[in-house]
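# Working through the structure, step by step
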Amino acid sequence: MRELSVELGERSYPIFIGEGLLEQAGELFEKQGIGKKSPVLIVTDEHVAVRHLDKLVDVLQRSGYQTESAVVPPGETSKSLAVFEDLMTKALQAGLDRKSTIVALGGGVVGDLAGFVAASYMRGIKFVQVPTTILAHDSSVGGKVAVNHPQAKNIIGAFHQPELVLYDLNTLQTLPAREVSAGLSEVVKHGLIWDSEFVQWCDDHGDRLLALDPEALGYALYKGCTVKAAVVSRDERENDLRMILNLGHTIGHALEAVAGYNELLHGEAISIGMVGSARLAVELGAPQEVLTVTKRVLSRVGLPVRLPEHLDTDRIMEAMMHDKKFLEGTMIFIVPTAIGQVEINKSVSTELVRKIVEQLKQEAVQA
């Protein structure tokens, strides 16, 4: 088992990564001060429930916890105010109180949704992240919780840190190939913003990652979480440094919204967005290598590097202007200056962004 910590003073918490950790959930919960006298509500989705819910319920109940469960439909559409309200009703019916805990068992959608319920219920109760996707190694760390508005992703939310993150690698073995690739998008992102050697490692070991090799996957998730933890520990509420974690997200979030949150997986949209940021970087004077390597590594793990031509450019631009990173007529972009290094550019013109979006429709993979 690998362990690291997000250092936030009294809100610090551990991240546990390893095989078979669901069986240790009761012990780890108790170690982190999750109380047994008040009900625990486990939130998951229909797909994850079939595979892992009974096991987690059994482990926690054998450890003396009172558990209730809420199962939501899978997919980004569950990050809505309607589903949020349903979960608040479930929490009330289950008798949750100020000392209760909400457990997010699932991917990034479940984590964001359950975390926002925990942040809002009685003005904030404890919650635990139990991610079951590769993609969730990013969203489960850092305390950003939210639901979507039809016109903008994650626009309704809060900062609410978990008590711990419990990452059982065994839960990843049943992921469909497309979700594996989508999850690796955020893994590669952490290298692109922080660690060029890790980017090279991902390039060299892409086949092992796609095959869900436990040792390679454990190492990659540990490295990704290490970058996320380091950034969040220095800037919890995204005042400056934490913004670099948004590499690829300005374009990516817009693509998700325009595609109705169902055509593109989050990681696929972010992959295209990172290629857009790399192309923007080259336009602004960065070495061509930034674009070439970004496209190569993302392609190596099965991710798209061009934008579907049927998505309308005007609608994409409009969606970006609803994003939190649109400010006073210009856009905030995280722009790579080299592999493993980025800068925050707060004055990217909409005209240049439109040009990049059009170019993304014509992208070809460069080996």
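All of the points below concern the structure found in this document.

Conventions adopted
Residues numbered from 1 in each chain as written. Predicted model: local features only at pLDDT ≥ 70, side-chain atom pairs only at ≥ 80, totals over all residues. Heavy atoms only, no water. Phe/Tyr/Trp six-rings, centres within 6.5 Å; stacked < 30°, edge-to-face > 60°. Helix = DSSP H or I, 4+ residues; strand = E, 2+ residues; numbered from the N terminus. Buried < 20%, exposed > 50% of the residue type's maximum accessible area, 1.4 Å probe, protein only. Lys NZ or Arg CZ within 6 Å of the ring centre and 35° of its normal. Axes fitted to C-alpha atoms, helices over the stretch in contact; angles between N-to-C directions. Parallel < 35°, antiparallel > 145°, perpendicular 65-115°, else oblique. Left-handed = near helix turned anticlockwise from the far one by under 90°. Contact = heavy atoms within 4.5 Å. Nonpolar A, V, L, I, M, F, W, Y, C, P; charged D, E, K, R; others polar. Expected span 1.5 Å × (residues − 1). Bend = angle between axes of the 7 residues up to and from the residue. Polar contact = N/O pair within 3.5 Å; in protein donor to acceptor, adjacent residues only side chain to side chain. 1 Å grid on protein atoms, 1.4 Å probe; cavity = no way out; pocket = protein on both sides within 12 Å on 5 of 7 lines; lining within 4 Å. Points joined across faces, edges and corners; volume = space filled by probe spheres on them. Right-handed = clockwise from strand over helix to strand, strands pointing away. Pairing = 2+ DSSP bridges.

Using the criterion set out here, one finds 5 aromatic pairs in the structure. Here the aromatic rings of Trp 201 and Tyr 219 are separated by 4.8 Å at their centres, their planes lie at 55°, and the arrangement is tilted. Placement of the pair is Trp 201 in helix 7 (residues 196-204) and Tyr 219 in helix 9 (residues 214-234), with a sequence separation of 18 residues. Here Trp 201 falls in the buried class, since its relative accessible area comes to 16%. Residue Tyr 219 is classed as partly exposed on the basis of its relative accessible area of 28%. Feature note: the residues Phe 198, Trp 201 and Tyr 219 constitute an aromatic cluster, connected by ring pairs. Between Arg 2 and the ring centre of Tyr 222, over which it is positioned, the NZ or CZ distance is 6.0 Å.

All right, on to the packing of helix 6 (residues 177-194) against helix 11 (residues 266-283) then. Two elements in contact, helix 6 and helix 11, have axes whose closest approach is 7 Å; the angle formed by their N-to-C orientations is 40°. Judged on the interaxial angle alone, helix 11 and helix 6 are oblique. As helix 6 packs across helix 11, the resulting crossing turns out to be left-handed. Facing Arg 178, Ala 182, Ser 185, Glu 186, Lys 189 and Leu 192 of helix 6, the residues of helix 11 in contact are His 266, Gly 267, Glu 268, Ile 270, Ser 271 and Met 274. Taken together, the residues of the contact of helix 6 with helix 11 break down into 4 nonpolar, 4 polar and 4 charged.

Quick look at helix 2 (residues 46-62) now. If you check helix 2, its first and last C-alpha atoms are 24 Å apart, about what 17 residues at 1.5 Å a residue would give, namely 24 Å. Largest kink in helix 2: about 55°, centred on His 52. Considered for burial, the residues of helix 2 that qualify are Val 48, Ala 49, His 52, Leu 53, Leu 56, Val 57, Val 59 and Leu 60. The secondary structure elements touched by the buried residues of helix 2 are helix 1 (25-31), strand 3 (40-45), strand 4 (67-72) and strand 5 (101-106). If you check the start of helix 2, you find a side-chain oxygen 2.9 Å away from the backbone N of His 47, and it comes from Asp 45. Immediately beyond the C-terminal end of helix 2, within one or two residues, lies Gly 64, with a positive phi of roughly 100°.

Attention shifts here to empty space enclosed by the protein. For the structure on display, the rule yields 2 cavities of 30 Å³ or more. Quantified by volume, the second largest cavity comes out at close to 30 Å³. Lining of the second largest cavity is provided by Leu 192, Leu 247, Met 274, Thr 294, Pro 336, Ala 338 and Ile 339. Split into classes, the residues belonging to the lining of the second largest cavity amount to 6 nonpolar, 1 polar and no charged.

What follows deals with the side chain of His 249. As for its position among the elements, His 249 is in helix 10 (residues 249-258). Taking relative accessible area as the criterion, His 249 reaches 6% and is therefore assigned buried. Of note is the side chain of His 249, whose polar atom sits 3.3 Å from the side chain of Glu 186.

This part takes up the pairing of strand 3. Across the 6 residues that make up strand 3, a large majority, 6, are buried. Burial of the side chains of strand 3 extends over both faces: Val 40, Ile 42 and Thr 44 are buried on one face and Leu 41, Val 43 and Asp 45 on the other. The β-α-β motif built from strand 3, the intervening helix 2 and the parallel element strand 4 has right-handed crossover chirality. Strand direction decides the pairing type here: strand 3 and strand 5, joined by 4 bridges, are parallel.

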